[in-house]
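Here are the chains, one letter per residue:
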Amino acid sequence: MSLTLHFHPLASYCHKALIALYENDVAFTPNLVDLSSQIERTALLKLWPIGKFPVLCDDARGRTVPESTVIIEYLDHHYPGRTRFIPADFELAWQTRLRDRFYDLYVHEPMQRIVGDRMRPEGRKDPQGVEEARARLRTAYGMIEQQMATQTWAMGESFGLADCAAAPALFYANEVLPFGEACGNLAAYFDRLKARPSYARVLREAEPYFAMFPR
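Residues numbered from 1 in each chain as written. Predicted model: local features only at pLDDT ≥ 70, side-chain atom pairs only at ≥ 80, totals over all residues. Heavy atoms only, no water.

S.K.: Please clarify how the nonpolar core should be interpreted in this entry.
M.R.: Side chains that are nonpolar tend, in soluble globular proteins, to be buried together. Formed by 70 residues in total, the largest nonpolar core has its most connected members in Leu 75, Tyr 103, Val 107, Ile 144, Leu 170 and Tyr 189. At 12 residues, helix H6 (residues 161–176) tops the list of elements feeding residues into this core. Excluding residues within four positions of it along the chain, Tyr 189 makes contact with Tyr 103, Ile 144, Met 148, Thr 152, Trp 153, Ala 154, Asp 163, Ala 166 and Leu 170. (Core = buried A, V, L, I, M, F, W, Y, C linked by side-chain atoms within 4.5 Å. Buried < 20%, exposed > 50% of the residue type's maximum accessible area, 1.4 Å probe, protein only. Helix = DSSP H or I, 4+ residues; strand = E, 2+ residues; numbered from the N terminus. Contact = heavy atoms within 4.5 Å.)

Here you go:
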């Protein structure tokens, strides 16, 4: 099999790449990486010295592709299927990339900041940073609530790159800062994401690991 994905089922950015693979039934070999294992961590560092996953290896083309957004663009070009993640039209394409960055930077990133703080030992926590992250999430929630009042997916009626970013970002963000009653459109969008077969599969496979999440 040409493609190998190095990942962990609990990792949110890995969810993003897995959604794209499952959307188009792209065949790949999964390689679960346990970062607590020095051997497995070292092997990942050889592929991508930054040491983060997911990382996609394409043996047929001799390519190592890190970063979830880049992996999805790579799949969209070399392994296209029924779901096209980035529109051919330039105007729609740049807006799609903007929405992808929005979910990564303004939902995913503050969510991870809150989660990271929960894992810090007493005496090294950052309450100010956590409150700033919560404020950023509230702002993002309000923007999504307004946006999703008139559309089904992040870019309208077609599922794409931005939805791959939104699903795991919103899943974990809702764990650290629940959407609340004022975000009915956001909650309905999130329900559609969870019901999407590709993401439903990701969540089923991640379920055995959810106990590791610092609630």
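S.K.: Please clarify how the pattern of salt bridges should be interpreted in this entry.
M.R.: Opposite charge on two side chains makes pairing possible when the charged atoms of those side chains draw close. Counted according to the given criterion, the structure contains 14 salt bridges. Here Asp 76 and Arg 84 are joined by a salt bridge, their closest N and O atoms 3.1 Å apart. Owing to a relative accessible area of 5%, Asp 76 belongs among the buried residues under this scheme. The exposure class assigned to Arg 84 is partly exposed, which follows from its relative accessible area of 48%. Measuring nitrogen to oxygen at the nearest pair gives 3.7 Å for the salt bridge that ties Glu 132 to Arg 113. Note that Glu 132 is positioned in helix H5 (residues 127–147) and Arg 113 in helix H4 (residues 90–118), a separation of 19 residues in sequence. Overall, Arg 113 belongs to the partly exposed group, its relative accessible area being 42%. Residues participating in the shared-partner salt-bridge network are Lys 16, Asp 100, Arg 101 and Asp 104. (Salt bridge = Lys/Arg side-chain N within 4 Å of Asp/Glu carboxyl O.)

S.K.: Sorry, what's going on with the packing of H5 against helix H7 (residues 184–195) here?
M.R.: Angle between the axes and distance between the axes: these two values describe a pair of packed helices. Two elements in contact, H5 and H7, have axes separated by 7 Å at closest approach and are oriented at 80°. The orientation of H5 with respect to H7, classified from their angle, is roughly perpendicular. Along the contact surface, H5 presents Tyr 141, Ile 144 and Glu 145, while H7 presents Gly 184, Asn 185, Leu 186 and Tyr 189. When its residues are assigned to classes, the contact of H5 with H7 shows four nonpolar, two polar and one charged. (Axes fitted to C-alpha atoms, helices over the stretch in contact; angles between N-to-C directions. Parallel < 35°, antiparallel > 145°, perpendicular 65-115°, else oblique. Nonpolar A, V, L, I, M, F, W, Y, C, P; charged D, E, K, R; others polar.)

S.K.: Please explain the environment of Asp 117 as it appears in this structure.
M.R.: Topologically, Asp 117 is positioned in helix H4. With a relative accessible area of 11%, Asp 117 lands in the buried category. A C-alpha to C-alpha distance of 39 Å links Asp 117 and Phe 90, two positions 27 residues apart in sequence. Apart from the residues within four sequence positions on either side, Asp 117 is in contact with Lys 125, Asp 126 and Val 130.

By themselves, these are just geometric observations and shouldn't be taken as functional.
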